[in-house]
Amino acid sequence: MNPAELFRQETDTLQLAPGDFLFHEGDNGDKMYELLEGEIQILLGNFVLETAGQGMLIGEMALIDKSRRTANAVAKTACRLAQIDRRRFHFLVQQTPYFATHAMKIVADRLRHMNAVATVR
């Protein structure tokens, strides 16, 4: 199952135009987002850590551990996102175990990517 299918009928989506910030480094992390359409760049300063595409979760770390955002997220293209607050996240994890493994896979992939970047530097 594609996790984006969970949000296929979503009517309360967030729309971003190219250049719009989804969040800034240091913001409170009270939501994460499923990217339904478009691309978002995750930036640390001017360094692009990742370009996230359709089906990716964005902002999951701050939601899970209640920390502040550690990077900026800016729309590279027009984007449509499903918003997931803590209550909804816990519901999705309980009712849809695949969603939980999807979130864990994304966190693991990002950690591997950051380790590879750190090794190259």
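Preceding this section is the structure that the text describes.
My aim in this report is to walk through the structure given alongside it, one point at a time. (Residues numbered from 1 in each chain as written. Predicted model: local features only at pLDDT ≥ 70, side-chain atom pairs only at ≥ 80, totals over all residues. Heavy atoms only, no water.)

**Structural notes on the sheet that holds strand 6 (residues 57–58)**
One open sheet accounts for four strands, arranged 1-8-3-6; its pairing is antiparallel. This sheet does not close on itself; its edge strands, each paired only once, are strand 1 (13–16) and strand 6. Relative to strand 6, strand 3 (residues 31–37) runs antiparallel, the two being bridged by two bridges. Pairing of tyrosine 33 across the sheet is with isoleucine 58, part of strand 6. (Pairing = 2+ DSSP bridges. Helix = DSSP H or I, 4+ residues; strand = E, 2+ residues; numbered from the N terminus.)

**Let's talk about the layout of surface pockets**
Empty space among the atoms becomes visible once a probe the size of a water molecule is rolled across them. Size it by volume and the largest pocket reaches roughly 450 Å³. Every residue lining the largest pocket is counted, 22 residues in all, and those nearest its centre are Ile42, Glu60, Met61, Thr70 and Arg110. (1 Å grid on protein atoms, 1.4 Å probe; cavity = no way out; pocket = protein on both sides within 12 Å on 5 of 7 lines; lining within 4 Å. Points joined across faces, edges and corners; volume = space filled by probe spheres on them.)

**Notes on the pattern of salt bridges**
Once the charged atoms of two side chains with opposite charge are near each other, the side chains can pair. Enumeration according to the criterion identifies seven salt bridges in this entry. One network of salt bridges, with partners in common, ties together Glu50, Glu60 and Arg110. (Salt bridge = Lys/Arg side-chain N within 4 Å of Asp/Glu carboxyl O.)

**Some details on the nonpolar core**
Core analysis: the biggest nonpolar cluster contains 15 residues, and Leu22, Ile40, Ile58 and Leu81 have the highest contact counts within it. In contact with leucine 81, other than residues within four places in its own chain, are Thr13, Leu14, Leu16, Leu22, Tyr33, Glu34, Leu35, Leu36, Ile40 and Ile58. Leu63, Phe89, Leu92 and Phe99 belong to the second-largest nonpolar core, a separate cluster that totals twelve residues. (Core = buried A, V, L, I, M, F, W, Y, C linked by side-chain atoms within 4.5 Å. Buried < 20%, exposed > 50% of the residue type's maximum accessible area, 1.4 Å probe, protein only. Contact = heavy atoms within 4.5 Å.)

**Observations regarding the sheet that holds strand 7 (residues 72–75)**
Strand order across the open sheet formed by four strands is 2-7-4-5, with antiparallel pairing between neighbours. Bordering the open sheet on either side are strand 2 (21–23) and strand 5 (47–52), each of which pairs with just one other strand. Shown here is a sheet whose adjacent strand axes are inclined to one another by a mean of 30°, direction ignored. The pairing of strand 4 (residues 40–44) with strand 5 spans five bridges and is antiparallel. (Axes fitted to C-alpha atoms, helices over the stretch in contact; angles between N-to-C directions.)

None of this, on its own, says anything about what the molecule does.
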